[in-house]
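Secondary and tertiary structure notes
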Amino acid sequence: MNPRITLAIFGRILRQLSRDRRTVAMMLVLPCALISLLAWIFADQPAVFDRIGGALIVMFPFIVMFLVTSVTTLTERTSGTLERLFVLPMRKLDILLGYGLAFGLVAVVQASLVATLAVGLLGLDITGSVGTLVLVAVVSAVVGTTLGLCVSAFARSEFQAVQFMPLIVIPQILLCGLFLPRESLPDGLRLVSDVLPLSYAVDAVATVTASTGWSTDLTQDVVVMAVFILGALGLGAATLRRRTR
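Now for a quick tour of the structure. What you see is a predicted model, and the numbers here were worked out from it, not measured in a lab. The residue numbering used here restarts from 1 in each chain and proceeds along that chain's sequence as written. In view of the model being predicted, local features appear only for residues whose pLDDT reaches at least 70, and side-chain atom pairs are presented and counted only at 80 or more, with totals across whole chains, interfaces and linings using the full set of residues. To get the side-chain values, take all heavy atoms of the structure and skip hydrogens and water.

Some points on the pattern of salt bridges
- Between Lys or Arg on one side and Asp or Glu on the other, a salt bridge is scored when a side-chain nitrogen of the former is within 4 Å of a carboxyl oxygen of the latter. Applying the stated criterion across every chain yields a total of three salt bridges.
- A salt bridge links Arg182 to Asp203; its shortest N-O distance comes to 2.5 Å. Of this pair, Arg182 sits in the loop between helix H8 (170-175) and helix H9 (187-193) while Asp203 sits in helix H10 (residues 197-210), and the two are 21 residues apart along the sequence.
- A single salt-bridge network, built from bridges that share partners, covers Arg182, Asp194 and Asp203. Secondary structure elements follow DSSP: runs of H or I of four or more residues count as helices, runs of E of two or more count as strands, with numbering from the N terminus.

Below, the structure written as structure tokens:
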């Protein structure tokens, strides 16, 4: 890995994002708007918002970052940008890390905005600290980012990239414990949920909302998500192509 090349790609992606106001609005404003809508829906039932609000704080950034990253990376490949980058002396991992750092920085801002809004203005009641909640949301968003980078290698068009969302994201939403505790799922589905990263994000945020301090369970959940991040980056580096044929 060449840090200089990685940082150069990191800066280029940030400059590109700064010129794309619609994408920036989608990444930063949309999750805040969705959590605000949820709080409004359950304005007369604050206990319901407290129960599911934390899970959605980690879920919305995960979904948005997956969608934006997969489409953006594929656009870079179909436009020939990646092919021009490969002419330079750089590794695939340098490129993916540059993309991951850029979108990861956006994820930090995104998760901080959503968590602060939910707890500070919308009245989400949590026992743990806001900082820990933000950290879990950031890690969840980075998981979505790296999964988006990974699946973009298997798509040939932006439409195909979007089609991966029902395949990869929706099952995680259904099995992560939002609708039914994972312990209550049928045995087969519980085993599937055990290998899905969003399940550990929801478990982690449940720990944050229910207890103070940093527990062993929270550490395990964050470590598992970190393993998913590294695995997705490694798979993405192994499958990244110069162009779409």
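So, the packing of aromatic side chains
- Whether two aromatic rings pair depends on their centres lying within 6.5 Å, for rings of Phe, Tyr and Trp, where Trp uses its six-membered ring; planes under 30 degrees apart make the pair stacked, over 60 edge-to-face, and the rest tilted. Evaluated as defined, the whole model comprises one aromatic pair.
- Consider the rings of Tyr200 and Phe228, whose centres lie 6.5 Å apart with planes at 40°: the pair is tilted. Separated by 28 residues along the polypeptide, Tyr200 in helix H10 and Phe228 in helix H11 (residues 216-239) bring together distant segments of the chain.
- Note on exposure labels: buried denotes an accessible area under 20% of the residue type's maximum, exposed denotes more than 50%, and partly exposed covers the range between, all computed with a 1.4 Å probe on protein chains only. A relative accessible area of 15% places Tyr200 in the buried class.
- Phe228 gets classed as partly exposed once you look at its relative accessible area, which sits at 26%.
- Arg182 extends its terminal NZ or CZ atom over the ring of Tyr200, reaching a point 5.6 Å from the ring centre. Our definition puts a charge over a ring when NZ of Lys or CZ of Arg is within 6 Å of the ring centre and also within 35 degrees of the ring normal.

A short note on the nonpolar core
- Counting 73 residues, the largest nonpolar core has Ile35, Ile57 and Met225 as its most contacted members.
- When residues of this core are traced back to their parent elements, those giving at least two are helix H1 (3-18), helix H2 (21-41), helix H3 (46-78), helix H5 (92-121), helix H6 (130-151), helix H7 (158-168), H10 and H11.
- Looking at this core element by element, the count peaks at 15 residues for H3.
- Contacts are residue-level and defined by heavy atoms, with any inter-residue pair within 4.5 Å sufficient. Discounting chain neighbours no more than four positions away, the residues touching Met225 are Val136, Val139, Val143, Pro197, Tyr200, Ala201 and Ala204. In this text, buried Ala, Val, Leu, Ile, Met, Phe, Trp, Tyr and Cys residues form a nonpolar core when linked through side-chain atoms within 4.5 Å.

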